[in-house]
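Each chain, written out:
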Amino acid sequence: MNLHFLIPFRLPKTHFWTLAFLLSVFLFTSCKSLKNNKLTTTLNNEVSSYSNRDYFQGILIYDPIKSDTIYSHNSNKYFTPASNTKIFTLYTSLKTLPPKIPSLNYAVNKDTLFLEGTGDPTLLHPYFKDSTAIKLASKYNNVALYLNNFKEDRYGPGWAWEDYDTYYSPERSGFPLYGNVVNIHLVDSLRVVPHYFKEHVVPISYIRNREEDNNTFYFNPSRKDTLTVPFKVDTTLTKQLLESVLRKKIKIVSKMPEAEKQTLYSIPSDSLYKRMMLESDNFLAEQLLILVSSTLSDTLNSAKARNYVLENYLSDLNQKPRWVDGSGLSRYNLFSPESMVAVLSKMVEEYPKERILNLFPVGGVSGTLKNRFPGNPTPYIYAKSGSLGNNYSLSGYLITNSGKILVFSFMNNHFVKSGSEVRKTMQRIFEHLRDSY
């Protein structure tokens, strides 16, 4: 019997190690492929489950270190983003605004201080309470205010008209004061900030918080919390509010003097960005785009800011967004998950990762995600949510248990079930990514 086939075949030593190396690479890539296939199968099963078939989903999950798409589903389609729009506003602000917010432009001519707004929302704002501009104006006996540089509608296109008296829909303006809102609270007596409006508050329970066409406010005396209501902005009111703070008369002028303008700076820009992102503050988002426009020209107009960043920093987007406001209040906005991921990836490539993560709400910890997507115990979601009726999106960063950072955008449109059910599906997918990648 020929037993030669039982005799071990001996490779030259160099060939042996070459074969061993190739075999190890094959086994490694095979295991990796199997792992990725298993992950894709799991995500496909979640996305295509029966409970998710009656609404539109778009998902993109991306590994920025490997430049690898982990999962994609309808990622090149357009969705209503709601407040995910603020991610684009944040990127625009990061690329164009200085480390401190430009509070206003000013010039001194003879004995008069001339002030020109930049759109800075922090002046006497209920949260920031910045008084940088007030301190400057207090040094001059004669103060003149120029307001004609604001070329913007008070509301964005596609905003819901009936939201005029709700806290999340203040008017846009070139020289905002007090966040363009009134805060009303009853303790031992009625407290109104700014105090200027106290005589305009009617203490009764009423269907609306304010008259649509004037600054008459309604406050239910049995209410225990603070009522925040936008006020109607006009030139005369801005003048009177500023006079009440400065305790002296100011005049409105039709142009700035020929003297060279200087810029006064207020608070650190990141503090404004963080407040916008954590609280999903629509007013701050809108005013940030106006602020950006103040650095580009003498005209305050948010479209200038949007067009500038799209042309100069985001011209490589595969799906150019339909981007009409800074906050995402408008249903005219249309963005793809792919565009969201592209901008999020640019942020962590162009700025320190720690700085960017610090600006986002953290799942189970802070902002609009304080009670959602918890880490148990370690936080792993750093993202911006966006919700309008029948729509919920979340885009940001996911930290896996292995320490990898993933960029994702998960957009859901046109569902009729509760948002909490939609988020349960999202959470299962996020947790599987965290534990398996």
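Everything below is about the structure shown above.
Presented here is an overview of the structure given in this document.

1. Topic: helix α2 (residues 85–96)
- Compared with the 16 Å implied by 1.5 Å per residue over 12 residues, the 17 Å span of α2 between its first and last C-alpha is a close match.
- Counting buried positions over the 12 residues of α2 gives 11, a clear majority of the element.
- Within α2, burial applies to Thr85, Lys86, Ile87, Phe88, Thr89, Leu90, Tyr91, Thr92, Ser93, Leu94 and Thr96.

2. So, the sheet that holds strand β2 (residues 68–73)
- Across the sheet, which stays open at both edges, the five strands sit in the order β2-β1-β15-β14-β13 with antiparallel pairing between neighbours. Across the chains shown, the open sheet's two edge strands, defined by having one partner strand only, are β2 and β13 (381–388). The sheet shows a mean angle of 5° between the axes of neighbouring strands, taken without regard to direction.
- The sheet contact formed by strand β1 (residues 56–63) and strand β15 (residues 405–413) spans seven bridges and is antiparallel. Paired with phenylalanine 56 across the bridge in β15 is asparagine 413.
- Contacts from helix α8 (residues 337–350) reach β1, β14 (391–399) and β15, with the element oriented near 150° to β15.

3. A few points about the environment of proline 221
- With respect to the secondary-structure elements, proline 221 resides in the loop between β9 (217–218) and β10 (227–230).
- Of the residues examined, proline 221 reaches a relative accessible area of 39% and is grouped as partly exposed.

4. Concerning the packing of α2 against helix α5 (residues 269–279)
- In contact at an axis separation of 11 Å, α2 and α5 are set at 175° when each is read in the N-to-C sense. In terms of axis orientation, α2 runs roughly antiparallel to α5. Packed against α2, whose contacting residues are Lys86, Ile87, Thr89, Leu90, Ser93 and Leu94, the element α5 presents Tyr273, Met276 and Met277 at the interface.
- Of the residues that constitute the contact of α2 with α5, the class distribution is six nonpolar, two polar and one charged.

5. A look at the pattern of salt bridges
- Enumeration over the complete set of coordinates arrives at 15 salt bridges.
- Ionic pairing is found between glutamate 152 and arginine 172, a salt bridge with its closest N-O pair at 3.5 Å. In this pair, glutamate 152 is assigned in the loop between β5 (142–146) and β6 (181–186) and arginine 172 in the loop between β5 and β6, connecting sequence segments 20 residues apart. Here glutamate 152 and arginine 172 have matching classes, each one buried.
- Between glutamate 171 and arginine 154 there is a salt bridge, with the nearest N and O atoms lying 3.1 Å from each other. Placement of glutamate 171 in the loop between β5 and β6 and of arginine 154 in the loop between β5 and β6 is noted, with a sequence separation of 17 residues between them.
- Exposure remark for glutamate 171: the relative accessible area of 2% places this residue in the buried category.
- When its relative accessible area of 35% is taken as the criterion, arginine 154 is described as partly exposed.
- Several salt bridges share partner residues, and in doing so they unite Glu116, Lys261 and Asp298 into one network.

6. As for helix α4 (residues 235–246)
- Taking 1.5 Å per residue, 12 residues should reach 16 Å; α4 reaches 17 Å between its end C-alpha atoms and fits that length.
- Residues of α4 that are buried make contact with α3 (132–137) and β5.
- In this structure aspartate 234 caps α4, since a side-chain oxygen of it lies 3.1 Å from the backbone nitrogen of threonine 236.
- At the C-terminal side of α4, arginine 247 shows a positive phi close to 60°.

Cut-offs applied
- Residues numbered from 1 in each chain as written.
- Predicted model: local features only at pLDDT ≥ 70, side-chain atom pairs only at ≥ 80, totals over all residues.
- Heavy atoms only, no water.
- Helix = DSSP H or I, 4+ residues; strand = E, 2+ residues; numbered from the N terminus.
- Expected span 1.5 Å × (residues − 1).
- Buried < 20%, exposed > 50% of the residue type's maximum accessible area, 1.4 Å probe, protein only.
- Pairing = 2+ DSSP bridges.
- Axes fitted to C-alpha atoms, helices over the stretch in contact; angles between N-to-C directions.
- Contact = heavy atoms within 4.5 Å.
- Parallel < 35°, antiparallel > 145°, perpendicular 65-115°, else oblique.
- Nonpolar A, V, L, I, M, F, W, Y, C, P; charged D, E, K, R; others polar.
- Salt bridge = Lys/Arg side-chain N within 4 Å of Asp/Glu carboxyl O.
- Polar contact = N/O pair within 3.5 Å; in protein donor to acceptor, adjacent residues only side chain to side chain.

Read these as spatial facts, not as claims about activity.
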